[in-house]
Amino acid sequence: MRHLTTYDARDSNPTLITAGMIRTIDGSRPTASAMLIGGGQILAVGTIADAEAVAADRGLVPVHVDFPQATIVPGFIDPHAHPLMYGQLHTWIDVSPDAVTSIPEIIEILRQESAKLPAGVPIRGYGYEQRNLIERRHPTRRELDEVSRDREVYIMNASGHGGVVNTFTFEKFGVTRNTPNPEGGEFFRDSEGELTGELSDAACNILTGMGGVKIGHHGPNFHLGDEAAEHQRQLDIVQREFLKGGVTAIGDAQVSKREFAAYLGMADRGGLQMRVSMYFLSHILDAVLDLGLTGPFGNAFLSAAGIKLYADGTLGGWTAYFPDGYLGDPCRTGQLYHSPEEYSELLRRAHVAGLQTATHAQSPIAIKMVVDAIETALAERPDLDARHRIEHCGLPDPAEVIRMAQLGIRPVNQTQHYYNWGEGVEQAIGTPGERFNPLGEFRDAGVPITLSSDAPVAEPRPLEAIQAAVTRVTRRGRKLGPDSLRISAEEALRAHTLEGAITLGRDNEFGSLAVGKRADFTVLEADLLEVPGEEIAAISVLETWVDGVCRYRADDEIAVAQSGLPRSESTLSGE
């Protein structure tokens, strides 16, 4: 049985919402005290009298819901995330800095947790950050051999762009010291030419198996296969996490046939409760163009948005492109996924067809390559509203920031990256790393600021991202760069709401609280514009509403935790 009507029925009950403060992010009325919603839409914003007058004109008798001590903001938008990968990692073994501090601890926790798995099932861990380990290095395959010598062991780096495998994995897939590096990836070797176990980006293709998704050198391959039912379970888990963070809409920044099938399955069973805009990975650009998916496609909850490309690797995994080498390891230079000519042609083909592009680029050289390609494409087919994106955009040259403003390019930044490991950027490339995510420079140049999580690289917690943008203080208490790189709480709130919607091309639907837009909003226990910057992340999300329906309520979460029942047996709001 199909549930397509679930996604645009717009049949929510008329409700008059009041709160201590409503921050609309709407220039015509930035604050309000009441909001009337019904049929999934916002019908009125203003005072209680304004809302009651509209209700009377329409013959509505709304339910009244009051949040006298709370602040309502538009639902947070997370335009760059990897939900299925995030869901998979919830089922993997946690080897993050919160769980382990050394390589022996990684080995021990892998041993303990793998004992709970059926025989032969691959052992997978996630989240180690080599610079946070006592040894300040990656584990080796020999060390992972201590976990198992007769089944696959793979631990993914926190960056998502690679990790370490054991010897069995190399032997299973025929990788030897003489195996050439694939285009767009690397099997790392020691000074004697022996495989260390570390692999990055396209080299991870070996982990997907015979029937897994293969993406060539078009990006890091984290598309490891699970059964379809398991993918549904994983998406349910992470949807709850997004809603818990107050997120009502996301952009999936790397969609292959695996993700597409999983979302279709979720929609088919009526399980999708947040809005998803999909960016198809560039290795299937031909298929997208052949099918003609170049215009509006989908519905209010699941839609196609554009094409995702990669220019270089990651700063976290030291694969972003620095041809002169990394300060922490001069032998590492990182990589470009495509030659400038190949990349420019991919982007040009997408742009000429009318597709928005979103390109991962971190190093100054990679970012310049993207800006050059967009400038060339726009010269061929001018478009004042193309909204081409640069994902992460960690270290742009100041000259490129000016060009980005001129060309209408929208960087999508993740301030939680420097909150979690900003010191590591300086360790990798030196003091220029202090500029990582230079939001203040974007603001001053007139470049729009958009914030996101890149989940699972960071948890989808917009308030944490906003705090980092306001303070530029890391988790360890280190301030990164000068005050000129900071932005205000008001600017950061807009960056995680309306600017996110603009970046997704959906600002006519959501992102601000205005009449005619969808009734997507988040209820906070305090006003983030009125608390000290260092306290923003501690503000609790009380409720998250999508299409006029409460989809998350903190009180219900607490009740379930106290009951000991699994969520499937609870009566959580919206389920």
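Residues numbered from 1 in each chain as written. Predicted model: local features only at pLDDT ≥ 70, side-chain atom pairs only at ≥ 80, totals over all residues. Heavy atoms only, no water.

Q: Lay out the overall build of the protein with the relevant residues and their values.
A: When helices and strands are counted, the protein shows 17 helices and 21 strands. In terms of overall dimensions, the protein is globule-like: its C-alpha atoms have a radius of gyration of 23 Å, near the 25 Å expected for 575 residues. Its C-alpha atoms give the protein principal-axis dimensions of roughly 80 × 55 × 50 Å. The proportion of buried residues among the 575 residues of the protein is 59%. The long-range share in the protein, meaning contacts at least 24 apart out of those at least 6 apart in sequence, stands at 71%. Side chains of the protein carry 52 positive and 79 negative charges; the gap between the two charge centres is 2 Å. (Helix = DSSP H or I, 4+ residues; strand = E, 2+ residues; numbered from the N terminus. Rg over C-alpha atoms; globule rule 2.2 N^0.38 Å. Buried < 20%, exposed > 50% of the residue type's maximum accessible area, 1.4 Å probe, protein only. Contact = heavy atoms within 4.5 Å. Lys, Arg positive; Asp, Glu negative; His and termini not counted. Charge placed at Lys NZ, Arg CZ, Asp CG, Glu CD.)

Q: Could you give an account of the packing of helix H6 (residues 228–244) against helix H7 (residues 257–268), naming the residues involved and the relevant values?
A: Contact pair H6 / H7: the axes reach a minimum separation of 10 Å and the direction vectors enclose 75 degrees. With respect to each other, H6 and H7 are oriented roughly perpendicular. Where H6 abuts H7, its residues His231, Gln232, Leu235, Asp236 and Gln239 lie against Arg258, Ala262, Tyr263, Gly265 and Met266. Considering only residue class, the contact of H6 with H7 consists of 4 nonpolar, 4 polar and 2 charged. (Axes fitted to C-alpha atoms, helices over the stretch in contact; angles between N-to-C directions. Parallel < 35°, antiparallel > 145°, perpendicular 65-115°, else oblique. Nonpolar A, V, L, I, M, F, W, Y, C, P; charged D, E, K, R; others polar.)

Q: I'd like a description of the pattern of salt bridges, backed by residues and values.
A: Overall, the coordinates contain 43 salt bridges when judged by the stated rule. Taking the shortest distance from any N to any O, the salt bridge between Asp286 and Arg349 comes out at 2.6 Å. Taken together, the residues span a long stretch of sequence, with Asp286 in helix H8 (residues 285–291) and Arg349 in helix H9 (residues 340–352) at a distance of 63 residues. Residue class for Asp286 comes out partly exposed when judged on its relative accessible area of 43%. (Salt bridge = Lys/Arg side-chain N within 4 Å of Asp/Glu carboxyl O.)

Q: Kindly report on the sheet that holds strand E8 (residues 153–157), identifying the contributing residues and their values.
A: Overall, mixed pairing links the 6 strands, which are arranged E6-E7-E8-E9-E11-E10 in an open sheet. Only two strands of the sheet have a single neighbouring strand rather than two, namely strand E6 (93–94) and strand E10 (185–189). Looking at chain direction, E6 and strand E7 (residues 123–128) are connected through 2 bridges and run parallel. In the sheet register, Ile93 faces E7, and the bridge partner there is Gly125. (Pairing = 2+ DSSP bridges.)

Q: If you had to explain the packing of aromatic side chains to someone new, which residues and values would you point to?
A: If you walk through the whole model with that rule in mind, you get 10 aromatic pairs. Taking 6.4 Å as the distance between ring centres and 70 degrees as the angle between the ring planes, the aromatic pair formed by Tyr418 and Phe436 counts as edge-to-face. Remark: Phe436 occurs in the loop between helix H12 (415–429) and helix H13 (439–445) and Tyr418 occurs in helix H12; sequence separation between them is 18 residues. Looking at Phe436, the relative accessible area reads 0%, which means it is buried. Site record: aromatic cluster; members linked through ring pairs are Trp318, Phe322 and Tyr326. Seen from the ring of Phe188, Arg332 lies directly overhead, with NZ or CZ sitting 4.4 Å from the centre. The ring of Tyr279 has Arg389 lying over it, and the distance from NZ or CZ to the ring centre is 4.6 Å. (Phe/Tyr/Trp six-rings, centres within 6.5 Å; stacked < 30°, edge-to-face > 60°. Lys NZ or Arg CZ within 6 Å of the ring centre and 35° of its normal.)

Q: How would you summarise the environment of Ile22 if you had to cite specific residues and measurements?
A: Mapping Ile22 onto the fold places it in strand E1 (residues 15–23). Judged by its relative accessible area of 0%, Ile22 is buried. Along the sequence, Ile22 and Tyr552 sit 530 residues apart, while their C-alpha atoms lie 19 Å from each other.

Q: Let's hear about the confidence of the model for the protein: which residues, and what values?
A: One rule of thumb: low pLDDT means the predicted coordinates there are not for detailed reading. Confidence in the prediction for the protein averages 91 pLDDT; 94% of positions are at 70 or higher. Contacts of residues 1–6 to residues separated by more than four positions or lying in other chains number 6 contacts, the stretch itself having pLDDT below 50. Across residues 565–575, confidence stays below pLDDT 50; counting only partners more than four residues off in sequence or on other chains, it has 22 contacts. (pLDDT = per-residue confidence, 0-100.)

Q: Got a sec to walk through the sheet that holds strand E21 (residues 549–553)? Specific residues and values, please.
A: A sheet is described by the order of its strands in space; here 7 strands give the open sequence E3-E2-E1-E4-E19-E20-E21, paired in mixed fashion. Edge positions in the open sheet fall to strand E3 (41–46) and E21, since each of these has one partner strand only. Strand-to-strand twist in this sheet, taken as the mean axis angle between neighbours without regard to direction, amounts to 35 degrees. Alignment of E1 against strand E4 (residues 63–74), held across 7 bridges, turns out to be parallel. Looking at the pairing, Ile17 lines up with Val65 of E4. Contacting E1, strand E2 (31–38) and E3, helix H1 (residues 48–58) runs over the sheet at an angle of about 135 degrees to E3.

Q: Can you lay out empty space enclosed by the protein for me, pointing to particular residues and giving the numbers?
A: Counting across every chain of the model gives 2 cavities of 30 Å³ or more. Estimated volume of the largest cavity: approximately 130 Å³. Counting residues per element, the ones that place at least two in the lining of the largest cavity are strand E14 (302–310) and H12. In this model, the second largest cavity occupies a volume close to 60 Å³. His161, Gly162, Glu198, Ser200 and Gly317 are the residues nearest the centre of the second largest cavity, which is lined by 13 residues in total. Elements with a contribution of two residues or more to the lining of the second largest cavity: strand E9 (162–165) and strand E11 (195–201). For the lining of the second largest cavity, the leading source of residues is E11, giving 3 residues. (1 Å grid on protein atoms, 1.4 Å probe; cavity = no way out; pocket = protein on both sides within 12 Å on 5 of 7 lines; lining within 4 Å. Points joined across faces, edges and corners; volume = space filled by probe spheres on them.)

Q: Mind laying out the pairing of strand E5 (residues 76–81), listing which residues take part and the relevant values?
A: When you tally the buried positions in E5, you get 6 out of 6 residues, the bulk of the element. With 4 bridges connecting them, E5 and strand E12 (residues 247–255) associate as parallel partners. Opposite Ile77, over in E12, you have Ala249 as the bridge partner.

Q: I'd love a proper account of the nonpolar core, names of residues and values included.
A: The biggest cluster of nonpolar side chains holds 78 residues, and the ones touching the most others in it are Phe242, Ile390, Ile466 and Leu528. Ranked by residues supplied to this core, first place goes to helix H10 (residues 364–380) with 9 residues. Once residues within four sequence positions are removed from consideration, Ile466 is found in contact with Phe76, Leu451, Ala492, Leu493, His496, Leu528 and Ile536. By size, the runner-up hydrophobic cluster in this structure holds 18 residues, among which are Leu89, Trp92, Tyr126 and Leu199. (Core = buried A, V, L, I, M, F, W, Y, C linked by side-chain atoms within 4.5 Å.)

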